[in-house]
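Fold and contact review
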Amino acid sequence: MSSKMKDAEHLAAIRTAVTGLLFPSETDRPIVPFIGKKVDQVSKEAIISSFGIKKTEAIERVEFEDFFERLTAEKDWFGKREKERAERFRILKRELQESLSSLEVYRVGRVKIAIYVAGITSDGRLAGVRTEAVET
């Protein structure tokens, strides 16, 4: 199987994993898959150039595992809906890990924050998911 076909299948699995999944913040927002241009590595510069972000924007790198920790953990007080959401984030995390290498998370902005969970496809393209959060 060619790497392009393999990438297409992985990206389809990511798309399925995020369908109807909302990122929890003050305003729950959809999670959207993306695939971009070829890059040498996942970096602040790659995110800036791929998404047209101003270099003056606040950009914070977050560890992939740390980012998913609160989204995938189940608390004692969780009801059915919260447990299902945590499971959906575990599935998304696994799909990203199986599909992409060099996974990193970048948060851009303050208050209204753009979040990019990005890695590299087997053919060297920047790909992953993006969403927004509002934190006041």
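Everything in this summary refers to the structure shown in the same document. Given the structure is predicted, the values throughout are model-derived calculations rather than measurements.

Quick notes on the rules
Residues numbered from 1 in each chain as written. Predicted model: local features only at pLDDT ≥ 70, side-chain atom pairs only at ≥ 80, totals over all residues. Heavy atoms only, no water. Core = buried A, V, L, I, M, F, W, Y, C linked by side-chain atoms within 4.5 Å. Buried < 20%, exposed > 50% of the residue type's maximum accessible area, 1.4 Å probe, protein only. Helix = DSSP H or I, 4+ residues; strand = E, 2+ residues; numbered from the N terminus. Expected span 1.5 Å × (residues − 1). Phe/Tyr/Trp six-rings, centres within 6.5 Å; stacked < 30°, edge-to-face > 60°.

Turning our eyes to something else, we now look at the nonpolar core. Phe67, Phe68, Leu92, Leu96 and Val117 are the most contacted members of the largest nonpolar core, which totals 24 residues. Mapped by element, the contributors of at least two residues to this core are α1 (3–18), α3 (64–72), α4 (80–99), β5 (101–108), β6 (112–120) and β7 (125–134). Within the second largest apolar cluster, 15 residues are counted, among which are Val42, Tyr106, Ala118 and Ile120.

A word on unusual backbone geometry. Despite not being glycine, Ser102 shows a phi value in the positive range, around 55°. Locating Ser102 in the fold gives a position in strand β5. Judged by its relative accessible area of 46%, Ser102 is partly exposed. Unusually for a residue other than glycine, Val111 sits at a positive phi of about 70°. Among the structural elements, Val111 can be located in the loop between β5 and β6.

Spanning 20 residues, α4 covers 29 Å between terminal C-alpha atoms, matching the ideal 28 Å at 1.5 Å per step. Along α4, the positions that sit buried rather than exposed are Ala86, Phe89, Leu92, Lys93, Glu95, Leu96 and Ser99.

With the rule as written, the count across this model stands at six aromatic pairs. On the basis of an interplanar angle of 0° and a centroid distance of 5.8 Å, the ring pair of Phe23 and Phe67 is categorised as stacked. Of the two residues, Phe23 is situated in strand β1 (residues 22–23) and Phe67 in helix α3; the sequence distance between them amounts to 44 residues. What makes Phe23 buried here is its relative accessible area of 2%. Accessibility expressed as a relative area gives 11% for Phe67, which makes it buried. On the numbers, 5.0 Å between centres and 90° between planes, the contact of Phe34 with Phe51 is edge-to-face. With Phe34 in strand β3 (residues 32–38) and Phe51 in helix α2 (residues 44–51), this residue pair connects regions lying 17 residues apart in the sequence. Among the aromatic residues, those joined into a ring-pair cluster are Phe23, Phe64, Phe67 and Phe68.

Just geometry here; none of it tells us what the structure is for.
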